[in-house]
Amino acid sequence: SPSLSPFPLRLGSVWLGGFILSCTMMATRTSSINARAPTHRAIRPASSQKTHRRSLLCRAEDTQTSAANVVTDATFEELVLKSPVPVLVDFWAPWCGPCRMIAPLIDEISNEYGDKLRALKLNTDESPSVATEYGIRSIPTVMIFKDGAKLDTVIGAVPKSTLVNAIEKYL
């Protein structure tokens, strides 16, 4: 009779812009050996079979614990242009490595400034209208708005001190 022996092979995890994708390959080894075959033979008899059945199990975990809120084309006017406090908008995309590098800095700034500054993130893939309207050609791009007007722009993955210096000019 066949014997089943499952063995998991963890393939790894990948961070995908707010999600961790973990994949494991489940392989099942099925072996069936002809009981009448001599066991001392070095070569398996033709009736002996060994097959592998594989399946891939992937799981995505949401890791969005961002302190900065999300803004979209639909909410941009209300959350940014009509804001009573200055607003820092991070234009980003999930596939952008430098965007992921500065994401924790944006969250730190959001926590440090509290009610004095609103920090928002705009995914340019999901909200292209605002990105086009403000001429976003490279991401990450961080813009600072106050009283409905764009005051400053910082392009690229920059140190936290560069972002803080830009913000401090308008508080």
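That block above? That's the structure.
The text that follows walks through the structure, step by step, so that each part is easy to find. (Residues numbered from 1 in each chain as written. Predicted model: local features only at pLDDT ≥ 70, side-chain atom pairs only at ≥ 80, totals over all residues. Heavy atoms only, no water.)

Things to note about the state of the cysteines
A covalent bond between the sulfur atoms of two cysteines is referred to as a disulfide. Considering all chains together, one arrives at one disulfide under this definition. There is a disulfide in this structure between C96 and C99, and the S-S distance comes to 2.4 Å. Here the disulfide of C96 and C99 is right-handed, its torsion about the S-S bond being about 80°. Of the two residues, C96 and C99, neither departs from the other in class, the shared state being buried. (Disulfide = S-S within 2.5 Å. Buried < 20%, exposed > 50% of the residue type's maximum accessible area, 1.4 Å probe, protein only.)

Structural notes on the side chain of S127
Among the secondary structure elements, S127 is positioned in the loop between strand 6 (118-123) and helix 3 (128-133). A relative accessible area of 3% places S127 in the buried class. At a separation of 3.2 Å, a polar atom in the side chain of S127 contacts the main-chain amide nitrogen of D73. Other than its neighbours up to four places away in sequence, S127 contacts V71, T72, D73 and L122. (Helix = DSSP H or I, 4+ residues; strand = E, 2+ residues; numbered from the N terminus. Polar contact = N/O pair within 3.5 Å; in protein donor to acceptor, adjacent residues only side chain to side chain. Contact = heavy atoms within 4.5 Å.)

Comments concerning the pairing of strand 6
Among the six residues in strand 6, five count as buried, and that is most of the element. Examined bridge by bridge, strand 4 (residues 69-70) and strand 6 share two bridges and lie parallel to one another. Each bridged residue has a counterpart across the sheet, and for V70 the counterpart in strand 6 is K121. Note: strand 5 (residues 87-92) against strand 6, six bridges, orientation parallel. Residue pairing in the sheet places F91 in a bridge with L122 of strand 6. (Pairing = 2+ DSSP bridges.)

Here's the deal with the nonpolar core
Within soluble globular proteins, side chains that are nonpolar generally end up buried alongside one another. Grouped together as the largest cluster of nonpolar side chains are 19 residues, with contacts concentrated most on F76, V80, V89, F91 and F145. The greatest single-element share of this core, amounting to four residues, is contributed by strand 5. One finds I106, L117, L163 and Y170 within the second-largest nonpolar core, a separate group that totals 18 residues. (Core = buried A, V, L, I, M, F, W, Y, C linked by side-chain atoms within 4.5 Å.)

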